[in-house]
Every structure is written in C-alpha cells, then in structure tokens.
Amino acid sequence: MTESPPRAWAEIDLAALKQNLHFARERSGQEVMAVIKAGAYGHGLIEVAKALDSEKLPFLGVANAGEARQLFDSGIQTRPYILGATLPAEREEIAARGWTPCLCSFEEMEHFDRLGQNKPVEAHLALDTGMGRGGFLPDQLGSALEKLKSCSGIKLTGIGSHLPVADEDPEFTQSQFELFDSLTETIPKQSEPFHIHLGNSAGFLNYQSRSTNLIRPGLLLYGISPLLEHQSLIQPVMSLKSRVSVVNDLPAGHGVSYGRTLLKRDSKTAVLGLGYGDGYPRALSGKNTQVLINGTLCPLLGRVTMDQIIVDVTDLQDCQAGDEAILFGKDLLVSDLAEKAGTIAWELLTQITPRVKRIYR
Ligand SMILES: *Cc1c(COP(=O)(O)O)cnc(C)c1O
C-alpha cells in the first residue's frame with residue numbers, strides 16, 4: 001500500500017531562493033541578513049535555513065528565541081539575530097547561546113550586561129527612526145552609547161533601524177535614510193565587522209545609504225517584490241497547488257457553494273481539494289479570483305469553503321479528476337491574490353497552514 005498524496009501542497013523552489021539572495025547581494029553591494037522569521041514566511045524555517053547555511057551570511061533574522069532554538073537544534077551554523085525587543089525570560093538563553101539581540105531599552109541593556117559578565121553578549125543597538133516599535137530615539141543615541149561604555153558584559157557589533165513606509169512614502173523614507181546615515185556616521189566602529197543596517201526589501205531596492213553595509217530582506221528572498229516594477233528581477237519560490245477531485249455539469253440557475261451563488265450559464269465546474277483551512281483566504285470569494293488549470297486561468301465560483309473550492313472549467317478543452325491546479329506561483333503572483341483578498345503577500349504566505357505539505361525542489 002502506498003501513502004495517498006496530499007490534496008494541497010506547496011512546492012518550494014530552493015534554487016530560486018538562492019538566486020533571489022544572489023540578486024539582493026549584487027544589487028545592494030552589501031552583506032545580507034536573510035529574514036526567515038515566521039517559518040521563513042511559511043516556506044519552512046529549517047529547510048530554508050539549511051539552504052542558506054552555506055551562503056556565509058552574517059545572520060539569519062528570526063522573531064524570537066523559539067525560532068533561534070529551532071535553528072540551533074537543527075545544527076544551523078549561521079548566527080540567529082533576534083528582530084525586535086526581547087522578553088526578559090528569553091535573555092538568559094539568548095546570551096548563553098550567543099544569539100544576537102538588538103538592544104531596544106536601557107532595561108534590556110542592563111539585563112544583558114549582567115548576563116554577559118563571563119562572556120560578553122554580542123548585540124546590536126536598535127534605533128527608532130520612525131517605526132515606533134522599540135529602540136532608542138535619535139536624541140537618546142548619545143546616552144545609549146555612553147551607557148554601553150560601562151557595560152563590560154556587552155560587545156556592540158552593530159546598529160540598525162527599521163522602515164515603516166518603504167513601499168508607500170518616498171519622502172518620509174528618504175528623510176529616514178538621511179537621518180540614519182547622519183546618526184550612524186558619527187559612531188566609532190566598536191568591532192570588526194560592525195554591521196549597520198536599515199533596508200528591508202523595499203528599502204534597499206529603492207534607496208541608497210552612505211552608511212549601511214548590511215540589508216535585511218525578507219519578502220524579496222521568497223521571490224515577491226513589494227514593488228511591482230522589480231518583480232521581473234526575482235523568482236517566486238512557493239507554488240501553491242491542489243488537484244481536481246470531481247468535475248460536475250450543472251445547469252444555469254443552479255447554486256454553487258455556501259450562500260448559493262447562482263450559475264449564469266450551463267457550466268462545467270471542477271472541485272479542488274483546498275480551502276481556507278489550508279490558508280487560501282475566504283476573502284477571495286467573489287473577487288474575480290482565478291486559478292490555473294492545464295495552463296488556462298479559470299474563475300473561482302462562489303465562496304471558498306474550509307476544505308474545497310469550486311472553479312469554472314466550462315471553457316477548458318479538457319479537465320478531469322486528478323488534474324493539477326495552481327493557486328499561486330510563478331505565473332499567478334501571491335501578491336496579486338493578496339490584493340484581491342484585501343491583504344498583503346506577507347500575511348497570505350505566513351497563513352498557509354501546516355495541512356499544506358511543503359515539497360522541496
Ligand atoms: C520582517 C522584517 C524585515 C523584512 O521585511 P521585508 O519587507 O519582508 O523585506 C526586515 N527588518 C525587520 C526589523 C523586520 O521585522
């Protein structure tokens with residue numbers, strides 16, 4: 001007896017991931033911290049980390065100690081960097097394992113100083129230049145650096161800040177780059193290397209910095225550009241797929257799915273084995289959503305249900321149970337789907353549920 005194949009799966013193209021990384025490196029001329037938080041944006045934390053571990057990156061960006069621990073437990077050599085303020089209960093483990101936190105407050109600084117008395121904690125300083133999510137304000141930078149002089153338990157190895165509107169507000173973002181450059185240019189390099197970083201995907205694609213030597217792309221590594229004009233330069237990494245379970249002939253006026261969307265014509269419909277229980281958003285219902293079957297775009301009919309969706313295959317030459325359907329991928333961008341669903345690609349990708357088997361190529 002052989003194991004049944006999954007009804008919905010995500011093919012992850014690790015070669016495309018690496019190509020996107022190489023593009024980021026070449027285009028920026030800087031080192032890259034690959035942001036792999038939230039299970040590498042739904043692509044699989046460990047598999048993505050393993051694929052990147054040989055790339056000699058200075059850091060892998062994670063959200064918390066739990067994600068850093070998964071990397072450690074899997075033998076990943078690249079150093080985890082914790083994006084964002086740490087919880088007090090996470091800090092002992094972070095210090096002991098040599099993961100890199102970014103210091104967001106004097107309280108965090110004092111705690112890591114105590115934890116680093118035997119072996120200094122290598123840490124970055126977080127500046128808040130507009131994100132409002134933690135970090136020292138520009139006028140606190142002087143006192144933060146002064147305080148660090150008395151912290152023998154901390155070795156400062158970098159400084160960073162974050163962009164809240166890199167894909168929305170060029171004027172503000174440009175002023176943020178200028179502010180960050182002017183602040184960091186005055187800082188004595190306290191270690192070799194000393195990493196200075198500001199750009200996320202949209203930030204490094206569209207702005208130049210005089211001071212930074214590291215970028216922190218996330219979405220772009222997974223082959224989706226926050227700015228459509230750069231989409232052709234990268235390769236989508238994930239393709240979400242499912243299979244036709246049954247093809248039905250239904251008369252005009254017949255209802256389809258919950259809420260009974262009425263058919264406008266005699267139709268051939270195909271049922272696919274995936275729904276919002278797999279992370280395919282219910283909000284895509286009634287939004288002119290399409291799926292690809294045998295190379296043809298087929299309209300979604302009626303509401304997305306938990307485990308199944310129904311599509312119109314009336315105009316398809318040939319469609320049978322077992323045929324493969326592509327929900328998003330290289331020819332149907334997850335960012336376009338996200339827009340139809342009233343959300344963003346970051347959210348749609350991270351919401352693909354564990355039921356969807358990840359298959360690596
Ligand atoms: C998530 C995150 C990133 C990556 O952002 P993308 O827009 O996905 O490139 C970079 N920096 C920080 C601090 C983040 O939290």
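Residues numbered from 1 in each chain as written. Predicted model: local features only at pLDDT ≥ 70, side-chain atom pairs only at ≥ 80, totals over all residues. Heavy atoms only, no water.

What to know about the nonpolar core
Generally speaking, soluble globular proteins have nonpolar side chains that are buried together.
And step 1. I36, L125, Y280, I293, I309 and V311 are the most contacted members of the largest nonpolar core, which totals 101 residues.
And step 2. When residues of this core are assigned to domains, at least three fall in each of domain 1 (14-224) and domain 2 (238-360).
And step 3. Discounting residues that sit within four places of it in the chain, I309 has contacts with A270, V271, L272, L274, G275, Y280, V291, L300, V304 and L327.
And step 4. By size, the runner-up hydrophobic cluster in this structure holds 7 residues, among which are M33, F59, Y81 and L214. (Core = buried A, V, L, I, M, F, W, Y, C linked by side-chain atoms within 4.5 Å. Buried < 20%, exposed > 50% of the residue type's maximum accessible area, 1.4 Å probe, protein only. Domains from an automatic or database assignment. Contact = heavy atoms within 4.5 Å.)

A short note on the domain arrangement of the chain
It is common to give the size of an interface as the accessible area that goes away when the parts come together.
And step 1. Domain parsing of the chain yields domain 1 (14-224) and domain 2 (238-360).
And step 2. Using only C-alpha atoms to locate each centre, domain 1 and domain 2 end up separated by 38 Å.
And step 3. Contact with domain 1, which involves 11 residues of that partner, is made by 11 residues of domain 2.
And step 4. Counting the surface lost from both domain 1 and domain 2, the interface buries some 990 Å², and carbon and sulfur atoms represent 72% of this.
And step 5. Contact with domain 2 buries surface across domain 1, with H43, L219 and I224 losing the most and accounting together for 45% of the total. (Buried area = accessible area lost by both parts, 1.4 Å probe.)

Observations regarding a negative patch on the surface
And step 1. A surface patch of like charges, here negative, comprises D167, E168, D169 and E171.
And step 2. Mapped onto the secondary structure, D167 falls in the loop between β7 (154-161) and α8 (170-185).
And step 3. The partly exposed category is assigned to D167, whose relative accessible area is 35%. (Patch = residues over 30% accessible without salt bridge, like charges linked within 9 Å, V, L, I, M, F, W, Y side chains within 5 Å. Areas by Shrake-Rupley, 256 points an atom, 1.4 Å probe, with all protein chains shown as cover. Salt bridge = Lys/Arg side-chain N within 4 Å of Asp/Glu carboxyl O. Lys, Arg positive; Asp, Glu negative; His and termini not counted. Charge placed at Lys NZ, Arg CZ, Asp CG, Glu CD. Helix = DSSP H or I, 4+ residues; strand = E, 2+ residues; numbered from the N terminus.)

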